[in-house]
Amino acid sequence: MKFKDIKNKPWFNYAAALCTAVLLWFVLSNIGSIAHVIKVIIIACTPVIAGIVIAYVLDPIVVFFEKSLFKKVKSKKLTRGFSIVLTVLLVAIGLAVLMITLIPQLTTSISGIFSKLTAYREIVIDWLSGFTFYSESIETAVGDIFSRISGILPNVLNWIITSINTIGSTVVNIVISAVMAIYFLFGKTYAIRWMKSLCKRIFKSEYQTFADFSKRCNHILKTYVTGSLIEALFVGLANALLMTIFGMPYVVLVSVVVAVTNLAPTFGPIAGGAIGFLLLVLEKPVYGFIFLVFTIAIQFVDGYI
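For the structure given in this document, a descriptive report is provided here. (Residues numbered from 1 in each chain as written. Predicted model: local features only at pLDDT ≥ 70, side-chain atom pairs only at ≥ 80, totals over all residues. Heavy atoms only, no water.)

**Section: the packing of aromatic side chains**
Inspection of the entire model under this criterion finds 4 aromatic pairs. Between F64 and F65, the aromatic rings sit 5.7 Å apart at their centres with planes inclined by 55 degrees, giving tilted as the arrangement. Summarising the aromatic geometry, the rings of F291 and F294 are spaced 5.5 Å apart at their centres and angled 80 degrees between planes, so their arrangement reads as edge-to-face. Within this pair, F291 and its partner F294 are both found in helix 12 (residues 285–304), separated by 3 residues, close to a single helical turn. Judged by relative accessible area, F291 falls into the buried class, the value being 0%. The rings of F246, F291 and F294 are connected pair by pair, giving a single aromatic cluster. Above the plane of the ring of Y56 lies K222, whose end atom (NZ or CZ) is 5.4 Å from the centre. (Phe/Tyr/Trp six-rings, centres within 6.5 Å; stacked < 30°, edge-to-face > 60°. Helix = DSSP H or I, 4+ residues; strand = E, 2+ residues; numbered from the N terminus. Buried < 20%, exposed > 50% of the residue type's maximum accessible area, 1.4 Å probe, protein only. Lys NZ or Arg CZ within 6 Å of the ring centre and 35° of its normal.)

**Focus on the environment of E66**
Looking at the element boundaries, E66 is found in helix 3 (residues 31–67). For E66, a relative accessible area of 18% puts it in the buried group. When the C-alpha positions of E66 and R80 are compared, they lie 6.4 Å apart, and in sequence the two are 14 residues distant. Here E66 is in contact with K71, T79, R80 and S83, once residues within four sequence places are set aside. (Contact = heavy atoms within 4.5 Å.)

**Regarding the pattern of salt bridges**
Evaluated as defined, the whole model comprises 4 salt bridges. The salt bridge involving R80 is made with D59; its shortest N-O contact spans 2.9 Å. Of this pair, R80 sits in helix 4 (residues 76–115) while D59 sits in helix 3; the two residues are 21 residues apart in sequence, bridging distant segments of the chain. A residue is classified by how much of its surface remains accessible, and R80, at 11% relative accessible area, is buried. The network of salt bridges with shared partners includes D59, E66, R80, K188 and K222. (Salt bridge = Lys/Arg side-chain N within 4 Å of Asp/Glu carboxyl O.)

So, in structure tokens, the structure goes:
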């Protein structure tokens, strides 16, 4: 008997409703265990998902090298292999240089900021004292704010210690994700062929419509990701260049923050500009206002392009 015949039986709807109710009762009764199982599955699949995302982001670079540097290589496998190796090497070198440059400056910046909190407090109080609404209660409130900020330091140190303790598992996940990404990059052709075969069986006569829709979605997503990364790189480099010209401190730290936050639409550039302004205005007020001016200029040029 086919499922279509069973579906037409008068008792089918009642049986389906009863099964749904039993299933819902079972899920609600064991929601804790089910959530724990889902959490374990997600943790186990995280490196694989991360590998897929990394491979998807790196694939346009690989394709660029395939069509430019290695286009004269006759073997497609060698072309793909050389392009992947070159892409991985460039990304690894770029990340290594960034970390070597960023981590010491990040440590120095955090230490410098906390060591200058007393001076910052006096600067803020002197600035506020020039206004008519200034009073002792405001001075006390400012002192409380800086005392709370000072209390954050032990929490930051504890977080760093905890991160060091868990760095082993983090490194393992990063390595697994990188290996999976390389595997997916090499297996791109086979994966596409397998997905096409699967979709043809599922959609049958509607396959071509689905394929055209998927190609358009893939093109839009890749264009958006590639454009966002190039845009963030442009904003970060322009910010670093202008900060260096004006002799500002925290060049690498602020530029990286501005570049990363620029990946978030609308409010990302605002958040990055606010963080950079706050760091620089406490160091020297004129730095903060100059930074604010050229940040707006960079965002204007970026938005126009």
